Amino acid sequence: NAGVTQTPKFRVLKTGQSMTLLCAQDMNHEYMYWYRQDPGMGLRLIHYSVGEGTTAKGEVPDGYNVSRLKKQNFLLGLESAAPSQTSVYFCASSYASISNQPQHFGDGTRLSIL
Amino acid sequence: GENVEQHPSTLSVQEGDSAVIKCTYSDSASNYFPWYKQELGKRPQLIIDIRSNVGEKKDQRIAVTLNKTAKHFSLHITETQPEDSAVYFCAASMAGTASKLTFGTGTRLQVTL
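Reference entry: report on the structure contained in this document. Note that the structure is predicted; figures quoted are calculated from it, not measured. (Residues numbered from 1 in each chain as written. Chains lettered and ligands numbered in written order. Predicted model: local features only at pLDDT ≥ 70, side-chain atom pairs only at ≥ 80, totals over all residues. Heavy atoms only, no water.)

Time to look at the pairing of strand 1 (residues 4-7) of chain B. Residue and element names in this part refer to chain B. The side-chain alternation of strand 1 yields one buried face, formed by Val-4 and Gln-6, and one unburied face, formed by Glu-5 and His-7. Pairing analysis gives four bridges linking strand 1 to strand 3 (residues 19-25), with the strands arranged antiparallel. Bridging from a neighbouring strand, Val-4 pairs with Tyr-25 of strand 3. (Buried < 20%, exposed > 50% of the residue type's maximum accessible area, 1.4 Å probe, protein only. Helix = DSSP H or I, 4+ residues; strand = E, 2+ residues; numbered from the N terminus. Pairing = 2+ DSSP bridges.)

This is the structure:
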């Protein structure tokens, strides 16, 4: 049981390049989330999904797209990377429930945009 | 939307002393308040959480208190140890919102010998 796995762990991009970050969970969680973490700003929600085939915007969605084609996977895409997107990206997942459930995080992807 | 403020941003205590981190939230509809610990270069890990129907919860050296009227909650760590050194984040969530979390900006706790 690996939990939440993120790939890649590190990546350097040039401005204008595109890439996709992959998140996979093996806990059969319905909900999945993408956050970015910047110094002094905590974690901010980019996009989230409440189930296969569904996505929704979070607090800071601009410049990102997501897809949830399979329940266990949640992809985060950057179509045209900008230096402001340099950050550490965390994926998380949780059970679906009437009462809120804890989120379980992956190890993160450190992304640098030059 | 919800806004969570966290204080202090840094905290230094001597080993064996207690540490207290405080958070306030803005939306009275929030009813779930987890605390995460993040060591340098690692993932955030849940250490304790509390729901709005409870005023206090303890787990060994860690406790969380919640004051719904004042809309604030606090993390208490007793008998601190060097391995408690990390960044701690509070968060808040409302029912029916897919467990979305709004995080505080974090407190860097340093436990010195």
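What follows covers the pattern of salt bridges. Residue and element names in this part refer to chain A. By the definition in use, this model includes seven salt bridges over all chains. The residue Lys-71 makes a salt bridge to Glu-30 at a minimum N-O spacing of 3.1 Å. Note that Lys-71 is positioned in the loop between strand 7 (65-67) and strand 8 (73-78) and Glu-30 in the loop between strand 3 (19-25) and strand 4 (31-37), a separation of 41 residues in sequence. For Arg-36, the salt bridge goes to Asp-38, with nearest N and O atoms at 2.9 Å. Across this residue pair, the class does not change: Arg-36 and Asp-38 are buried. (Salt bridge = Lys/Arg side-chain N within 4 Å of Asp/Glu carboxyl O.)

Contacts between chain B and chain A engage 22 residues on the former and 24 residues on the latter. Where chain B abuts chain A, roughly 1800 Å² becomes buried across the two surfaces, and 51% of that area is made up of carbon and sulfur atoms. A per-residue breakdown of the area chain B buries against chain A is headed by Arg-43, Ala-98 and Ser-99 of chain B, which together make up 31% of the total. Counting every contact that joins chain B to chain A gives one salt bridge. Residue Asp-107 of chain A is joined to Arg-43 of chain B by a salt bridge in which the shortest nitrogen-to-oxygen separation is 2.7 Å. Across the contact surface, chain B and chain A share 10 residue pairs in polar contact (both at pLDDT 80 or more). Contributions of two or more residues to the side of chain B that touches chain A are made by strand 4 (30-38), strand 5 (45-51) and strand 9 (86-94) of chain B. (Contact = heavy atoms within 4.5 Å. Buried area = accessible area lost by both parts, 1.4 Å probe. Polar contact = N/O pair within 3.5 Å; in protein donor to acceptor, adjacent residues only side chain to side chain.)

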